[in-house]
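Chains, contacts and geometry: an overview
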Amino acid sequence: HLAALLKIAPFERERFHKTNVLGSENMARAALEEGIERMVYTSTIGAVGYGTEENPATEDTEFNLGGFGLPYIDTKRQGEEKILEYGQKGLPVVVVNPVYVFGPWDERPGLNQFLSLAARGKLWFYIGGGLSVVDVDDVVQGHLLAMEKGRIGERYILSNQNMTYKEFMSMANEFLGKKPPRVKIPYLL
């Protein structure tokens, strides 16, 4: 189950709920009624929470992103909880939690805006903090492995590399033949 409303916006909370929670619950109910052999539910790292550079998030990290008021994060977490509730009713479900996914022709906002700036030679700054990234092909492979080998009721973070934003933005500039970013901008900006 891959469907989700993916936006980082504080509005349209009801639309997020209908898609990410009720839509997931409807899929789980139908899958349980039809007796499917296995369901792989695509959640997000946001439903797990965040760690630190010293202690990155794991599948056992206690959810710690609920206080930010982001409907996407909140409803993906609620959708995952609904799916796992159906798992307790007998739905053979495995959850995958991809981190920030990159791939060709991805035009979503967010970090891709930084890549666009880098391509134009305008990424002279970086922000504090860090992120975890994964290639879309690795996410596809992770889904297939979850379907084939994942343990029912378990969740799996699909990640490739943890890095600081400075490392990420420096790598983007280097790849594009640009100078590395020089100025640190506060994260909240």
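Residues numbered from 1 in each chain as written. Predicted model: local features only at pLDDT ≥ 70, side-chain atom pairs only at ≥ 80, totals over all residues. Heavy atoms only, no water.

Details of the sheet that holds strand E1 (residues 39–42)
Paired through their backbone hydrogen bonds, the strands of a sheet run either parallel or antiparallel. With parallel pairing, the three strands of this open sheet are ordered in space as E1-E2-E6. Pairing within the sheet leaves two strands with one partner each, and these edge strands are E1 and strand E6 (155–158). Going across the sheet, the axis of each strand differs from the next one's by a mean of 25 degrees, ignoring polarity. As paired strands, strand E2 (residues 93–98) and E6 are joined by four bridges and run parallel to one another. The residue of E6 that forms the bridge with Val 95 is Arg 155. (Pairing = 2+ DSSP bridges. Helix = DSSP H or I, 4+ residues; strand = E, 2+ residues; numbered from the N terminus. Axes fitted to C-alpha atoms, helices over the stretch in contact; angles between N-to-C directions.)

Some words on the nonpolar core
Core analysis: the biggest nonpolar cluster contains 15 residues, and Phe 114, Leu 123, Leu 131, Val 133, Phe 168 and Met 169 have the highest contact counts within it. Elements that contribute at least two residues to this core include exactly strand E3 (100–102), helix H3 (111–119), strand E4 (125–127), strand E5 (130–135) and helix H5 (165–175). Ranked by the residues each element gives to this core, the list is headed by H5, at four residues. Once you skip the residues sitting within four places of it in the chain, Leu 123 turns out to touch Phe 114, Leu 117, Ala 118, Met 169, Asn 173 and Pro 181. Membership of the second largest hydrophobic core comes to 11 residues, among which are Val 48, Val 139, Ala 146 and Leu 158. (Core = buried A, V, L, I, M, F, W, Y, C linked by side-chain atoms within 4.5 Å. Buried < 20%, exposed > 50% of the residue type's maximum accessible area, 1.4 Å probe, protein only. Contact = heavy atoms within 4.5 Å.)

Section: helix H4 (residues 136–149)
Here H4 is 14 residues long and its end C-alpha atoms lie 20 Å apart, about the 20 Å a rise of 1.5 Å per residue gives. Every buried residue belonging to H4 is among Val 139, Gly 142, His 143 and Ala 146, and all of these are buried. An end-on view of H4 places all buried positions within 100 degrees of arc, on one side of the element. Among the exposed residues of H4, those oriented more than 90 degrees off its buried face are Asp 137, Leu 144, Glu 148 and Lys 149. On its buried face, H4 sits against E1, E2, E3, E5 and E6. A distance of 2.7 Å separates the backbone nitrogen of Asp 137 from a side-chain oxygen at the start of H4, and that oxygen is part of Asp 135. (Expected span 1.5 Å × (residues − 1). Arc of directions from axis to C-beta. Polar contact = N/O pair within 3.5 Å; in protein donor to acceptor, adjacent residues only side chain to side chain.)

Observations concerning the packing of aromatic side chains
On inspection of all chains with the given rule, the structure shows three aromatic pairs. Look at Phe 102 and Phe 168: their rings are 5.5 Å apart centre to centre, the planes differ by 35 degrees, and that puts the pair in the tilted class. Note that Phe 102 is positioned in strand E3 and Phe 168 in helix H5, a separation of 66 residues in sequence. The class for Phe 102 is buried, based on a relative accessible area of 17%. By relative accessible area, which is 6% here, Phe 168 ends up buried. Ring centres 5.2 Å apart and planes at 75 degrees place the aromatic pair Trp 124 and Phe 125 in the edge-to-face group. By relative accessible area, which is 40% here, Trp 124 ends up partly exposed. Look at Phe 125 and you get buried, because its relative accessible area is 14%. By way of ring pairs, the aromatic residues Tyr 100, Phe 102 and Phe 168 are connected into one cluster. The ring of Tyr 86 has Lys 89 lying over it, and the distance from NZ or CZ to the ring centre is 4.3 Å. (Phe/Tyr/Trp six-rings, centres within 6.5 Å; stacked < 30°, edge-to-face > 60°. Lys NZ or Arg CZ within 6 Å of the ring centre and 35° of its normal.)

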